[in-house]
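Chain and residue survey
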Amino acid sequence: MGLLCIWALPVLLGASVSVCWLTEGRRSMDTANRPENPSQGPQTRKSGHVDGVADPYGGPCRRTYCGRGRQCVLLEVTGRAECVCQEKCRPTFVPVCGSDSRFYENHCEVYRTACLQKRRIYVVHSKDCFFKGDTCTMADYNKLKSMLLDMQPKGLNGGDKNTLRDMDQKRALVDTMFKYLDVDRDGRLGSDELAQISMKEHLEDSLLECTMQDLLRYDDYNNDGHLTLHEFYTAFQVVQLSLAEDQRMSISTVTVGLSTVLSCAIQGTLRPPIIWKRNGIILNFLDLEDINDFGDDGSLYITKVTTIHMGNYSCHAYGYEELCQTHVLQVNVPPVILVYPETQAQEPGVSASLHCHADGIPDPKILWLKNGMDLQPRPSKQLSLIANGSELHIGSVRYEDTGAYTCIAKNEVGVDEDISSLFVEDSARKTLANILWREEGLSVGNMFYVFSDEGVTVLQPSECEIRKHIERTERIVASYEEMCPKSEGVSPQHCSWSSAVSVRDKYIYVTQPLQKRLLVIDTQAQKVVQAVETDPFPVKLLYDKSHDQVWVLSWGSMEKSHPTLQVIPQASVGEMHHTIRTPFQRVDDFFIPPTNLIITHVRFGFVFLKSEPAVHKIDLETFHRVKTISLKTYSCVPVSMAYTHLSGFYFIQCQSQSKDPSSAQPQLLIDSVTDTVIGPNLNITGQPYVSPNGRYIVTPDQQRGKVRVQTVSFQGVLGLSRELDTSLLVSDLVFQPSFTESNQYTVVAASGSGMDLVFSDLASGHSEVLKSLKEPLSPHTWPWGGPNRVVVSSGLFGQYLVTPSAESLFVLNGKQKTPHCEVSDIKRGNTVVWVGEV
């Protein structure tokens, strides 16, 4: 027996004294029960071994066996041997459990106690008695571990309490603790080693309801009665994580409509659950339609991927956010194309153009076939490809140019094609193909409809030709009422309009706010065919192409006292139409995302209620509210919205809190995948506009006279691209496809206070200003909301635009960026709609 002192224990306990205890090493059960005095000689079972003090002279005790926990003594009176309970056991520490659920220092103590209590107590192979029943709760256990960690000396953490729980530092501390507790250096902590410190140093006095042995109770995961270093790491929440440097950023590509799996590359044997984020929003606990499964390995599953899913996804182990992997998801879309015209007829010697617009991700490459053969035009005046092949131009058509021209668009995930036919004949104007082309393409379609005080003007822009004027007194076919009946108190008789939409180029719906109705115009017959009654003061229309519905916002009065939202179903069907009132009251405005060649169906819209800091998501089919997205945290009352299907960002313009324009609130961003507010859109204020392909977000900065341009990459990253200097107060803004580059746009912005209009190329940032377009309507003479000077383009393939002044209309050539003509005697023509191919 010797004295073992462990000077390292203060490192564990934070004490200032050494710790010593008696030890003889590990002995056998029989050896532990030998007599204390070695002079008494060896005693064996065969020679009458006794568990206690033997007869020093041999005699009766040598031949008497008393059993465990008892010893033989000689009676002084009779000299006979008698078995009595053992007085004491050797102080060896080999902890065991008794069947009475008590903890004993060694086997001898078990049997000695059984003798004294005159009952059977035996050794059991269970550690339950090491613990204090149910008194050590998880909360107490966590306090125990925290206290053990806090006992470290200041030298280990450099005195910096802020980094106490740093993963690497905690690991070093726990390594040190394990090393000092592992007395026999076998890499495992047994109950004896844990109890040795707990009992000998009376730690239980300061460990509340728990003891060191509770480490086994809670964290011996394989129930083998020992703690390994990894189990010790788990007990003290030391997690070993790793992420290869070349895997910190991972780029994944998936085709729209398929499913994808994003796997987190963070490794570690004790890795906590994986947490996934998108735009800083945790995805794991959201009930999402397309992101609804997280694998056992922490992978993220996205089913039926769409373009809104593109963007950055990050993963980290729970509690260890500093070690993070970023997944960049690009969603590829096969090309979708549209050709114009489908058929045309020309006489020899004139020029002809065939157009092909292709959308897709990545940008498709366009090539042309003629009658099934590759068309490889050389640079010449006769045949040329413009705007990356999106326009095939023939300078002077000849008979041999007659044929079927196939446009083929390809990218790495698909191909699409369509045919544009060209007929070249001497008497081209008399051919059936030309008659169809002229009558359907020019006489009926491809027209601006301008609604003014005097009625409706149908304008063919290329020739600045008024094809028809529908007088204000013309009768409605269905009811035989006048188109613009005289309103009470209004003199002289004028037409009053506020909003118009084209419905699949078959009908135009236009509101008459003072008449409590809207009119339906048949574009083939160019007649007003029906008046549909609405709630008072209908001021805004929007056509939902996905469900063939026209949505109507009515104010109820000029003071907007009883605003309502109504819907006209089956708007393109030739029947008598009627409105359906939705359940929404106090409606201030509404928003429905637009469709394009790629996004052909929209499921949800949004409603703003008066003075409420929230947007309400609605199902466009059932008109029911799906959810409410609160903007209260940002004190934002929404004014307008815009949307890009690339990464699914919603942009919300907030109402100004004061009359000071400089105090305007920045736009808010909403993630359409999670319907969660991401936060402010930089410091950008004002009304957002999104290009038809979703790649550009343009916001006029009314205070600085600039236009802020943001882009969305094919990886879903939103970034600030440039500032365009317009130097005007923008009333309205429209996107016109570029005539020199495919998938690019020119922004055309009209002034609401002056006579200027600006063309700004989004790719180059170059701007040109048109001046002297006469004064627009004054804001007080246009009380229906929206811009007091609109600018309207002539569709995807058109080069003309129109913008009104107070008493005339200007036609602009967008290709040349010049005025084309002015049409006079069109007063208050601020409601304009294009009826064309797209």
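Keep in mind that this is a model prediction, so the values were computed, not measured.

Attention shifts here to the nonpolar core. Trp276, Tyr313 and Val615 are the most contacted members of the largest nonpolar core, which totals 52 residues. At the level of elements, strand 12 (274-278), strand 15 (300-302), strand 16 (311-317), strand 17 (320-340), strand 38 (604-609), strand 41 (638-644), strand 42 (649-654) and strand 43 (668-671) are the ones that each hand at least two residues to this core. Leu148, Met151, Met177 and Phe178 belong to the second largest nonpolar core, which has 23 residues in total.

Here we come to the state of the cysteines. In protein chemistry, a disulfide is the covalent bond that joins the sulfur atoms of two cysteines. Inspection of the entire model under this criterion finds nine disulfides. Put simply, cysteine 89 and cysteine 108 are joined by a disulfide, and their sulfur atoms are 1.9 Å apart. On the S-S bond that ties cysteine 89 to cysteine 108, the torsion sits near -75°, and the link is left-handed. Of this pair, cysteine 89 sits in the loop between strand 4 (81-85) and strand 5 (96-98) while cysteine 108 is found in helix 4 (residues 107-117), placing the two residues 19 residues apart along the sequence. Among the residues examined, cysteine 89 registers a relative accessible area of 12% and is labelled buried. In this model, cysteine 356 is linked to cysteine 407 through a disulfide, with the two sulfur atoms separated by 2.0 Å. On the sign convention where negative means left-handed, the S-S torsion of about -75° between cysteine 356 and cysteine 407 marks this disulfide as left-handed. In this pair, cysteine 356 is assigned in strand 19 (residues 352-361) and cysteine 407 in strand 24 (residues 403-411), connecting sequence segments 51 residues apart. Both residues of the pair, cysteine 356 and cysteine 407, belong to the buried class.

This part takes up the pattern of salt bridges. Applying the stated criterion to the full structure yields 21 salt bridges. Across the salt bridge formed by arginine 475 and glutamate 482, the nearest N and O atoms sit 3.9 Å from each other. The class of arginine 475 is partly exposed, set by a relative accessible area of 39%. We note a salt bridge from arginine 517 to glutamate 481, for which the minimum N-O separation is 3.5 Å. Of this pair, arginine 517 sits in strand 31 (residues 517-522) while glutamate 481 sits in the loop between strand 28 (465-471) and strand 29 (500-503); the two residues are 36 residues apart in sequence, bridging distant segments of the chain.

On to the side chain of histidine 357. Following the sequence through the fold, histidine 357 ends up in strand 19. On the basis of relative accessible area, histidine 357 is assigned to the buried category, the value being 13%. A polar atom in the side chain of histidine 357 sits 3.3 Å from the side chain of aspartate 359. Apart from residues no more than four positions distant in its own chain, histidine 357 is found in contact with Val336, Ile337, Leu338, Leu597, Leu796 and Phe797.

This part covers the sheet that holds strand 29. The strands that make up a sheet pair up through hydrogen bonds in the backbone, lying either parallel or antiparallel. Pairing within the open sheet is antiparallel, and its four strands lie in the order 29-30-31-32. Of all strands in the sheet, those with a lone pairing partner are strand 29 and strand 32 (527-533), marking the two edges. Neighbour to neighbour, the strand axes of the sheet diverge by 25° on average, direction disregarded. Here four bridges tie strand 29 to strand 30 (residues 507-512), and the two strands are oriented antiparallel to one another. Each bridged residue has a counterpart across the sheet, and for alanine 500 the counterpart in strand 30 is valine 510.

Take isoleucine 508: it is sitting in strand 30. Judged by relative accessible area, which is 0%, isoleucine 508 ranks as buried. Sequence separation of isoleucine 508 and valine 835 is 327 residues, and the distance between their C-alpha atoms is 8.4 Å. Once residues within four sequence positions are removed from consideration, isoleucine 508 is found in contact with Tyr449, Phe451, Ala500, Val501, Leu519, Val520, Ile521, Thr523, Val833 and Val835.

Mapped onto the elements of the fold, tyrosine 233 is located in helix 10 (residues 229-235). Using a relative accessible area of 2% as the deciding quantity, one classes tyrosine 233 as buried. C-alpha of tyrosine 233 to C-alpha of arginine 171: the two residues are 62 residues apart in sequence and 7.4 Å apart in space. Residues within four places of tyrosine 233 in sequence aside, it is in contact with Arg171, Val174, Asp175, Val238, Gln240 and Leu270.

In this model, tyrosine 340 is joined to proline 341 through a cis peptide bond whose omega is -10°. When you line up the elements, proline 341 lands in the loop between strand 17 and strand 18 (343-346). For the bond running from isoleucine 361 to proline 362, omega is 0°, close enough to zero to count as cis. Locating proline 362 in the fold gives a position in the loop between strand 19 and strand 20 (365-370).

Calculation rules
Residues numbered from 1 in each chain as written. Predicted model: local features only at pLDDT ≥ 70, side-chain atom pairs only at ≥ 80, totals over all residues. Heavy atoms only, no water. Core = buried A, V, L, I, M, F, W, Y, C linked by side-chain atoms within 4.5 Å. Buried < 20%, exposed > 50% of the residue type's maximum accessible area, 1.4 Å probe, protein only. Helix = DSSP H or I, 4+ residues; strand = E, 2+ residues; numbered from the N terminus. Disulfide = S-S within 2.5 Å. Salt bridge = Lys/Arg side-chain N within 4 Å of Asp/Glu carboxyl O. Polar contact = N/O pair within 3.5 Å; in protein donor to acceptor, adjacent residues only side chain to side chain. Contact = heavy atoms within 4.5 Å. Pairing = 2+ DSSP bridges. Axes fitted to C-alpha atoms, helices over the stretch in contact; angles between N-to-C directions.

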